[in-house]
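Residues per chain are reported as follows:
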Amino acid sequence: MDYISTRGRAPALDFAGATLAGLASDGGLYVPREWPRFSADEIAAMAGLPYAQLAAKVMAPFVAGSLTEERLFELTTEAYGRFAHKAVTPLVQLDEQNWLLELFHGPTLAFKDVALQLLGLLFEEFLGRTGQNLTIVGATSGDTGSAAIDAVAGRDRIDIFMLHPHGRVSDVQRRQMTTVLAPNVHNIAIDGSFDDAQAMVKRMFNDSAMTDRFAIGAVNSINWARLMAQVVYYFAAALQLGAPHRKVAFSVPTGNFGDVFAGYVAAQMGLPIERLIVATNVNDILHRALSNGDYSQGEVTPTAAPSMDIQVSSNFERLLFDLGGRDGLALAEQMAGFEATKAMQLTNAQREGAAALFSSSRTDAAEMSAAIRWGWENCGQLIDPHTACGIHAARTSGIDPAVPVVTLATAHPAKFREAVERATGHRPSMPSRVGDLFEREERCTELPGDYDGIAEYVATHAVPKG
Ligand SMILES: Cc1ncc(COP(=O)(O)O)c(C=O)c1O
Ligand SMILES: N[C@@H](CCOP(=O)(O)O)C(=O)O
């Protein structure tokens, strides 16, 4: 399988190359040249497979040429062996129609672990072949940072520089990053929003003063390998609910459009998906884009679901590319317009294509609290504020009651215990696997949100590519 850029100009790469490159050199995102497709019989034959084995089956076509399915299975076995639940991503029934897919049983209590535990191993595998050093530069609104740091802390040939918006992540999220004192881990708190951090990270990939010296790598969902690993749990959930003989809908708490794009990929691969519900908080650029074609960047409003306080959704570009006939040069022009004006109108083809599979919803603060309360009082489940946006969207979606709706539970409620306690009066307890998080020493550098200062900090502390 080879990978092409959504902006049409960067060279195609194989899976290993796309994984190490992260962002394409023309500023675009890598996508597989074509979507691999499973027949209904092939999907039916996956029912009942243990998660690590299912993962290797679903991902094998994407890694072909860089890894055998057998080697991939060794890596998925190691990655998912670190999860606290045997099923890795267990499915829990809430009522007649609604289900929760618990994606928070990994080491850092959020869905990001599902992809990042594997990505850490993939980096090690591919860097071992090239002998190169990798300088990972990432942006986080809280969860990617901790999951990525856990996945690469102490690994040879890797430095990680993780930017988070100062004061805008939860205490648990911050400590999960800043208490990791391995010498290859560098936390940077910036003045600004997640969007500012993400823009600086993308800029570094195209700054030749940096890329000439350092192999800059990505752990954000701009890296295709992140999304590939997230496709697997759509298969896992749908198979348990009767796929391929029965359609399933998914409600997905959304910020950077990565998790829900993985659902789109699952559908392209043949998984019968009734609908993908894009659930935003009040930072609703995606809800506006999908409901009336208006993709214009507003100010970021801090919410109780801080990981979704995002107004520029990187992976939306992958969807626009696919729906717009995969015309990279046309999309490059459309994205250049957005970058210049902070606004963009979807084309008719993009709007109609999206409407065939996606619907969307926006959840405000009161609705978020009500959804958390509903989960607790009616189903005995504590849910976090991000998942609550998904639950609100699922319960107001109007989907045929015969179709199961699976909400992706993207974070453990203990990561956001103040908001959960405010809504329910009940404080979620911290899973023992996070250990003495609140006793540990923290290390973090505060920097103003300007690119030059951050590039200089990275250049001073990173190891050249070699
Ligand atoms: C807990 C949580 N839920 C949902 C999201 C949204 O996921 P995505 O950015 O893939 O849309 C994030 C991060 O982005 C998150 O950390
Ligand atoms: N919510 C994310 C934001 C970054 O998104 P990513 O999926 O592109 O890494 C976070 O928690 O950091």
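The structure presented is a predicted model; accordingly, all values stated were derived computationally and were not measured.

Looking at the overall build of the protein
Secondary structure summary: the protein contains 19 helices and 16 strands in total. On the principal axes, the C-alpha backbone points of the protein span a range of 55 × 50 × 45 Å. Across the 466 residues in the protein, those meeting the buried criterion constitute 62%. Counted over contacts in the protein with a minimum sequence separation of 6, partners at least 24 positions apart contribute 76%. Carbon and sulfur atoms make up 48% of the accessible area of the protein, which amounts to about 16,600 Å² in all. Charge separation in the protein, taken as the distance between the mean sites of 38 positive and 53 negative side-chain charges, equals 1 Å.

Re the layout of surface pockets
In this model, the largest pocket occupies a volume close to 680 Å³. Together, 28 residues line the largest pocket, and Ala 199, Lys 202, Val 312, Glu 339 and Lys 342 are the ones closest to its centre. Within the residue set of the lining of the largest pocket, elements represented by two or more residues are α8 (194–205), α13 (316–323) and α14 (328–341). The dominant element in the lining of the largest pocket, judged by the number of residues it contributes, is α8, at 6 residues. Classifying every residue of the lining of the largest pocket gives 9 nonpolar, 8 polar and 11 charged. If you add up the space inside the second largest pocket, you get close to 350 Å³.

What to know about the site of ligand 1
Near ligand 1 lie 15 residues; those nearest to it are Asp 143, Gly 255, Asn 256, Asp 259 and Thr 410. Backbone polar atom of Phe 257 to an oxygen atom of ligand 1: 3.1 Å apart, as the coordinates give it. Here Asp 259 contributes a backbone N or O atom positioned 2.9 Å from an oxygen atom of ligand 1. Using a 2 Å cut-off from the grid points, one finds that ligand 1 occupies the largest cavity.

Focus on the site of ligand 2
Thr 140, Asp 143, Thr 144, Asn 220 and Ser 221 are the nearest of the 13 residues found near ligand 2. With respect to ligand 2, the side chain of Thr 144 contributes an N or O atom lying 2.6 Å from an oxygen atom. A distance of 2.5 Å separates an oxygen atom of ligand 2 from a polar atom in the side chain of Ser 221. If you map ligand 2 onto the pockets, it falls in the largest cavity. Its residues placed into classes, the shell around ligand 2 shows 2 nonpolar, 8 polar and 3 charged.

As for helix α16 (residues 365–379)
End to end, α16 covers 21 Å across 15 residues, agreeing with the expected 21 Å (1.5 Å per residue, within 8%). Those residues of α16 lying buried are Met 368, Ala 371, Ile 372, Trp 374 and Gly 375. The buried residues of α16 all sit within an arc of 155° when viewed along its axis, so they share a single face. Among the exposed residues of α16, those oriented more than 90 degrees off its buried face are Ala 365, Ala 366, Glu 377 and Asn 378. Where α16 is buried, its residues meet α17 (385–395) and α18 (417–424).

Brief notes about the UniProt feature "domain: Tryptophan synthase beta chain-like PALP" (unreviewed entry) in the protein
Within this numbering scheme, the UniProt entry marks residues 87–345 as carrying the feature "domain: Tryptophan synthase beta chain-like PALP" (unreviewed entry). Span residues 87–345 is 43% helix and 19% strand, its end C-alpha atoms 42 Å apart.

With respect to the pairing of strand β7 (residues 158–165)
With 8 of 8 residues buried, β7 lies mostly within the body of the structure. Residue alternation in β7 divides its side chains into two sets, Ile 158, Ile 160, Met 162 and His 164 and Asp 159, Phe 161, Leu 163 and Pro 165, and both sets are buried. Bridge count for strand β6 (residues 134–139) against β7 is 6 bridges, and the pairing is parallel. Counterpart to Ala 139 in the pairing with β7 is Leu 163. Between the parallel pair β6 and β7, the chain is carried across by helix α6 (residues 143–152), and the sense of this crossover is right-handed. As paired elements, β7 and strand β8 (residues 185–190) share 6 bridges and run parallel to each other. Considered in β8, the bridge of Phe 161 is made with His 186. For the crossover from β7 across helix α7 (residues 171–178) to β8, the handedness is right-handed.

Topic: the UniProt feature "domain: Threonine synthase N-terminal" (unreviewed entry) in the protein
When the UniProt feature table is mapped onto this chain, "domain: Threonine synthase N-terminal" (unreviewed entry) is found at residues 3–80. Here residues 3–80 is 47% helix and 10% strand, with 26 Å between the C-alpha atoms at its ends.

Side note on the sheet that holds strand β1 (residues 2–5)
Reading across from one edge, β2-β1-β3 is the order of the 3 strands in this open sheet, with antiparallel pairing throughout. Strands at the two margins of the open sheet, each flanked by one partner only, are β2 (13–14) and β3 (30–32). In this structure, β1 lies alongside β3, joined through 3 bridges in antiparallel fashion. Paired with Tyr 3 across the two strands is Pro 32, which belongs to β3.

What counts and what doesn't
- Residues numbered from 1 in each chain as written.
- Chains lettered and ligands numbered in written order.
- Predicted model: local features only at pLDDT ≥ 70, side-chain atom pairs only at ≥ 80, totals over all residues.
- Heavy atoms only, no water.
- Helix = DSSP H or I, 4+ residues; strand = E, 2+ residues; numbered from the N terminus.
- Buried < 20%, exposed > 50% of the residue type's maximum accessible area, 1.4 Å probe, protein only.
- Contact = heavy atoms within 4.5 Å.
- Areas by Shrake-Rupley, 256 points an atom, 1.4 Å probe, with all protein chains shown as cover.
- Lys, Arg positive; Asp, Glu negative; His and termini not counted.
- Charge placed at Lys NZ, Arg CZ, Asp CG, Glu CD.
- 1 Å grid on protein atoms, 1.4 Å probe; cavity = no way out; pocket = protein on both sides within 12 Å on 5 of 7 lines; lining within 4 Å.
- Points joined across faces, edges and corners; volume = space filled by probe spheres on them.
- Nonpolar A, V, L, I, M, F, W, Y, C, P; charged D, E, K, R; others polar.
- Near = heavy atom within 4 Å.
- Polar contact = N/O pair within 3.5 Å; in protein donor to acceptor, adjacent residues only side chain to side chain.
- Sits in = over half its atoms within 2 Å of the grid points.
- Expected span 1.5 Å × (residues − 1).
- Arc of directions from axis to C-beta.
- UniProt positions renumbered as here; feature names shortened; annotations may be inferred.
- Pairing = 2+ DSSP bridges.
- Right-handed = clockwise from strand over helix to strand, strands pointing away.

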